[in-house]
Amino acid sequence: MGTENHSEVDTAAAPFARSGKDKLLDAQGLTKRFGDILANDAVDLTINKGEIHALLGENGAGKSTLVKMFYGSLEPDGGEIWWDGQKVAIDNPAAARELGIGMVFQHFSLFEALNVVENIALALPNPGNMKDLAKRIETVSREYGLPLNPSDIVADLPVGIRQRIEIVRCLLQEPRLIIMDEPTSVLTPQEADQLFLTLQRLASEGCAVLYISHRLEEVQRICHHATILRHGQVVNECDPTKETPATLASMMVGAEVIAVNAAAQKPAIGDVRLGLNRLSAPAATPFATALNNISLELRAGEVVAIAGVAGNGQGELFDAISGEMRVAPDMIRLDGAPCGAKGINWRRKKNAAFVPEERLGHGAVPGMKLSQNIVLTRHSTGDKLVNGGMVSTANAGEMEQRIKKAFDVRMSHDDPEARSLSGGNLQKFVVGRELDRQPGVLVINQPTWGVDAGAAALIRQAIIDLARSGSAVLVISQDLDEIFEIADKIAVISRGYLSEPEPAADMTRERVGLLMAGGAETQGEVA
Amino acid sequence: MRIELVKRKEHSELMSLMSPLIAVGLTALSAAIIFAISGVNPALGLYKFFIEPLTEQWSLEATIEKATPLILIGCGLAVCYLSNNWNIGAEGQFVVGAMFGSILPVVFPSFENSLTLPLMLISGVIGGALWAMIPALLKTRFNTNEILTSLMLVYVAGLLLDYLVRGPWRDPDGFNFPESRIFSDAATLPDVFGGMMSLATPITIIIALVLALVLAKTIKGFEIRVMGESPRAGSFAGFSAKRLTIFSFALAGGLAGLAGTMVVSGSLNQLLPSISPGYGFTAIIVAFLGRLNPIGIIIAGFVLALSYIGGEGVQSGLGVSNKIASVIQGLLLFYVLACDTLILYRIRMVSRRAANPAGEVSHV
């Protein structure tokens, strides 16, 4: 790992002539319907041997549905799949694996309490002797540059290594096609580079890769061919190396995506609105992260972003700042007032607002209407939603209309249950609910996670506008593109330590990557 | 052919209403089969069980009498279940409430005035709530499973009652029978509406209506529903799960205790070793059949009360064991929970791909 790998990847990604001769998988007219929704509408897709094939599209474009049909977990309603020149019916994942199709999921299906070899054995049809399997894991993983220690317990391993387990599990079955769903969303830039090397090695051996991602720069770097889905249909095919991220994005969205610009307006920096002073908290469960001596000053007018790989204490930090987890009073100050031991509504009354990472089940109750979900966070902020203990449905409904208009929340009928909204629309609603208050301090965790490009641009612009109007905004994000787009200062969280925030202009991806990989920790320990 | 459950985007209003009705229908169908197996004409059995109790004044009165505690306990349990607190011990809270409510008429029989009844009812509420506090505190303090602790305390309460009526509280003039002294008139709930029902019934209906309002309109009701559906979102709203656990157990225990006191004061008029035909357990079915909604619970309470009277009816009239009442109650709960699946899912039939190699569209 390191920067020298980077250049190697770049050169190796030379465009690969697309030849129609060696078709590995050929899907024709694949159709899948869910109720009234046509998730895939006569999709044609051809993957050649040894090709890294990108599947692009916004959320809800039908990417997952399509690959689930390839992996046998969904049955197509129409169309044909040809594999190596033969028409096949892939009835279940076992049949897919038998053909040589492997899949690495976005959300890992590993048992944390078991070790590496046990986890892999569970997924293999005939794992055989554990000792032999451990040896095979060691050999295969080393061969592909993904070294694993078979006896490590999964709970102790960082996310990047967990993904390796999934990939090695796939490789042990000697696949001819590997499907990867958003593989880099949990990796540091250096870990991602390592993954790209592995993928290129696989491709050079003739194994095909179907690569689902919304990170267009990556797709450009490593993919030989791209198929773009929109509303369940193939709208375009292209050679991504000949496109720019902007042209790829507009193909996906079907329109120009407005670029968000933070640098255009110079922030007028004011007083400290949120202060963290040696914030520490023990891990609440064996799988949680402890917070260690985190100090940060968030001033009026600026956006400070905290970068980091998932599971490094972001959730715990958010809970401490929001008041869902209590700490010592002086560790957190809002406009100078100590509030570490106060509840979330006390902090809301002090004009702070919070948007958690999980929109469904944390930021919103799935089975409740949007108007009721407004009451959820605003029942005690003086918005006349509760009068004498009674909830005012009328006022909540009015507010729902206002937020819907201001943030372009699209819904099939008025005031639906939160769970029926698409991810992007629900996120616009959850963010809009808080921005509607014009909060003095906004803390937002993963503002555009899993959100389509159009909604993401709207949310990012709203965050910047809020800061420029004199509020202080803290953004916790795993998306480096997003961070560089909106942040004035960047800090990195690693294993519960936070690095010193530095002006975004002075930061590079490499430096952020090094801090993610442990630099923040050493810096934090010294502090 | 394969049956698939397909998730709906939103819950179905129609199915929320239909699910208990479908469940009642399926229960009647199963009951008919059981009657047929026992050698009884199914139509006659169903008539005796479900219809006949409604045709005569005495059995109608008995149905109302049995429905009252079921509704009151069911309302309290609904608050627990809505907020994700699995209180299975209402039977014990009912018994302890009855014991607390009986302190005045049994230990201080000479205290007879207009305060006697109100004080009895209040102590019944306190008794039930205190008993419910044990599993609630164990849950909030030590994270114990409230299903186990509340259930086990049912048997403790039963033995406690048994000890009292056989020991210290035995009627000195009762020829050594295990029962307390008969309550004085001042300690007896009066009958209302020309003797149709005791005062317990209107009290219960009023409490159910107030609770319906609280659940539907107030911020407390909102808190209860949020906590039940997603505790994480509840804590984001600033609600405390622990406080709500204490609150809902106290409410359910208090209402069960009130029901217990009203049963001993209104119908039995004394403490006996056994004062409940399983009201606290049957009320669990009442709560679910009533959609955890107090108005629905009023209706469900009558349906389940019918099964007690109907069970006695088929035993005396047709010679079928009255255990059939428990069987039918169990079937009903089973069907209600099964049919609730339809609120968030719909059923569709899928033909296997092998059956239509032409690949024709097979969705519904």
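Thresholds, definitions, all that
Residues numbered from 1 in each chain as written. Chains lettered and ligands numbered in written order. Predicted model: local features only at pLDDT ≥ 70, side-chain atom pairs only at ≥ 80, totals over all residues. Helix = DSSP H or I, 4+ residues; strand = E, 2+ residues; numbered from the N terminus. Rg over C-alpha atoms; globule rule 2.2 N^0.38 Å. Buried ≥ 20, exposed ≤ 12 C-beta atoms within 10 Å, placed from the backbone. Contact = placed C-beta atoms within 7 Å. pLDDT = per-residue confidence, 0-100. Nonpolar A, V, L, I, M, F, W, Y, C, P; charged D, E, K, R; others polar. Axes fitted to C-alpha atoms, helices over the stretch in contact; angles between N-to-C directions. Parallel < 35°, antiparallel > 145°, perpendicular 65-115°, else oblique. Pairing = 2+ DSSP bridges. Left-handed = near helix turned anticlockwise from the far one by under 90°. Core = buried A, V, L, I, M, F, W, Y, C linked by C-beta atoms within 7 Å. Arc of directions from axis to C-beta.

Enquirer: Talk me through the overall build of chain B; I want residue IDs and the actual numbers.
Expert: When you go through chain B residue by residue, the secondary structure sums to 13 helices and four strands. Taking 364 residues into account, the globule formula puts the C-alpha radius of gyration at 21 Å, and chain B, at 23 Å, falls close to it. Overall, the C-alpha framework of chain B stretches about 90 × 60 × 35 Å when taken along its three principal axes. When the 364 residues of chain B are sorted by exposure, 47% land in the buried category. Across chain B, the fraction of contacts at a sequence separation of at least 24, relative to all contacts at a separation of at least 6, is 77%.

Enquirer: Tell me about the overall build of chain A, and please be specific about residues and values.
Expert: Looking only at helices and strands, one finds 17 helices and 23 strands in chain A. Radius of gyration (C-alpha) of chain A: 24 Å, near the 24 Å computed for a compact globule of 527 residues. Reported as C-alpha extents along the three principal axes, the dimensions of chain A are approximately 70 × 55 × 45 Å. When the 527 residues of chain A are sorted by exposure, 48% land in the buried category. Partitioning the intrachain contacts of chain A with sequence separation of at least 6 by distance along the chain shows that 69% fall at a separation of at least 24.

Enquirer: Quick rundown of the confidence of the model for chain A? Include the residues and the values.
Expert: Here chain A shows a mean pLDDT of 84. Residues at 70 or above account for 91%. Low pLDDT, under 50, characterises residues 1-17 of chain A; the predicted model gives this stretch 21 contacts beyond four residues in sequence or across chains.

Enquirer: Tell me about the interface of chain A and chain B, and please be specific about residues and values.
Expert: Taken together, the contact pairs 32 residues of chain A with 23 residues of chain B. Listing elements by their share of the side of chain A that touches chain B, those giving two or more residues are β4 (78-83), α11 (344-349), α12 (370-378) and β18 (390-391) of chain A. Class assignment for the residues of the side of chain A that touches chain B results in 12 nonpolar, 14 polar and six charged.

Enquirer: Let's hear about the packing of helix α4 (residues 116-123) of chain A against helix α5 (residues 130-143) of chain A: which residues, and what values?
Expert: All names here are of chain A. Between α4 and α5, whose axes approach to 10 Å, the crossing angle comes to 100°. When the axis of α4 is compared with that of α5, the two are roughly perpendicular. Seen from α4, the contacting residues are V116, V117, I120 and A121; seen from α5, they are M130, L133, A134 and I137. Residue classes in the contact of α4 with α5 are distributed as eight nonpolar, no polar and no charged.

Enquirer: Just give me the short version of the sheet that holds strand β8 (residues 208-212) of chain A, but keep the residues and values in it.
Expert: Residue and element names in this part refer to chain A. Taken in spatial order, the six strands of this open sheet run β6-β7-β8-β3-β9-β10, and their pairing is mixed. At either margin of the open sheet sits one strand with a lone partner, and together these are β6 (101-104) and β10 (233-238). Mean inter-strand twist for the sheet, computed between neighbouring axes without regard to direction, equals 20°. Looking at chain direction, strand β7 (residues 177-181) and β8 are connected through five bridges and run parallel. Looking across to β8, one finds that L177 is bridged to A208.

Enquirer: For the confidence of the model for chain B, give the residues involved together with the corresponding values.
Expert: Residues and elements named next belong to chain B. This prediction gives chain B a mean pLDDT of 89; 96% of its residues lie at or above 70. The spread of mean pLDDT over the elements of chain B runs between strand β1 (residues 2-7), the lowest at 79, and helix α5 (residues 116-142), the highest at 96. When the criterion is pLDDT under 50, residues 354-364 qualifies, and its contacts beyond four places in sequence or with other chains add up to 13 contacts.

Enquirer: Lay out the sheet that holds strand β5 (residues 86-88) of chain A with the relevant residues and their values.
Expert: Strands in a sheet are paired, the pairing made by backbone hydrogen bonds, and the direction either parallel or antiparallel. All names here are of chain A. One open sheet holds the four strands; their spatial order is β2-β1-β4-β5, and the pairing between them is antiparallel. Sheet topology places β2 (37-48) and β5 at the edges, where each strand pairs with a single neighbour. Neighbour-to-neighbour, the strand axes of the sheet open up by a mean angle of 25°, direction not taken into account. Pairing geometry for β4 and β5, over three bridges, is antiparallel. Looking at β5, one finds that W82 is bridged to K87. Sheet strands in contact with helix α2 (residues 63-70) are β1 (23-34) and β2, and its direction is about 120° off that of β1.

Enquirer: Describe the environment of I161(A), with residues and values.
Expert: Along the chain, I161(A) falls in helix α6 (residues 159-171). For the pair I161(A) and L146(A), spaced 15 residues apart in sequence, the C-alpha to C-alpha distance is 8.3 Å.

Enquirer: Can you tell me about the environment of Q194(A), naming the residues and giving the values?
Expert: Within the secondary structure, Q194(A) sits in helix α7 (residues 189-204). Sequence spacing of Q194(A) and I81(A) is 113 residues, and the spatial spacing of their C-alpha atoms is 32 Å.

Enquirer: Let's hear about the packing of helix α1 (residues 13-37) of chain B against helix α13 (residues 324-344) of chain B: which residues, and what values?
Expert: Residues and elements named next belong to chain B. Contact pair α1 / α13: the axes reach a minimum separation of 8 Å and the direction vectors enclose 145°. Of the two elements, α1 crosses α13, and the hand of that crossing is right-handed. Residue-level contacts link M15, S16, S19, P20, I22, A23, L26, T27, S30, A31 and I34 of α1 to I324, V327, I328, L331, L332, Y335, V336, C339, D340, L342 and I343 of α13. The residue inventory of the contact of α1 with α13, partitioned by class, reads 17 nonpolar, four polar and one charged.

Enquirer: Would you mind going over α12(A) in detail, with residue names and values included?
Expert: Among the nine residues of α12(A), nine are classified as buried, and the element is accordingly described as predominantly covered. Those residues of α12(A) hidden inside the fold are in contact with β18, α13 (393-406) and α14 (423-435) of chain A together with α8 (219-229) and α9 (231-236) of chain B.

Enquirer: Just give me the short version of the nonpolar core, but keep the residues and values in it.
Expert: Judged by nonpolar contacts, the single largest core of 253 residues is most densely connected at V209(A) and I73(B). Those residues within four positions of V209(A) in sequence are excluded, and the remaining contacts are I52(A), H53(A), I178(A), M180(A), L199(A), L202(A) and A203(A).

Enquirer: I'd like a rundown of unusual backbone geometry, residues and numbers included.
Expert: Even without a glycine there, the phi angle at R495(A) is positive, about 50°. Residue placement: R495(A) occurs in the loop between β21 (489-494) and β22 (497-498). Even without glycine at this site, N176(B) takes up a positive phi of about 65°. Looking at the secondary structure, you find N176(B) in the loop between α6 (146-166) and β2 (191-192). N176(B) gets classed as exposed once you count the C-beta atoms within 10 Å, which come to 9.

Enquirer: Lay out helix α9 (residues 245-253) of chain A with the relevant residues and their values.
Expert: Residue and element names in this part refer to chain A. Listing the buried residues of α9 in full gives L248, A249 and M252. One face of α9 carries all of its buried residues, which in axial projection span an arc of 100°. Next to the buried residues of α9 lie β3 (52-56), α8 (216-222), β9 (225-230) and α15 (453-468).

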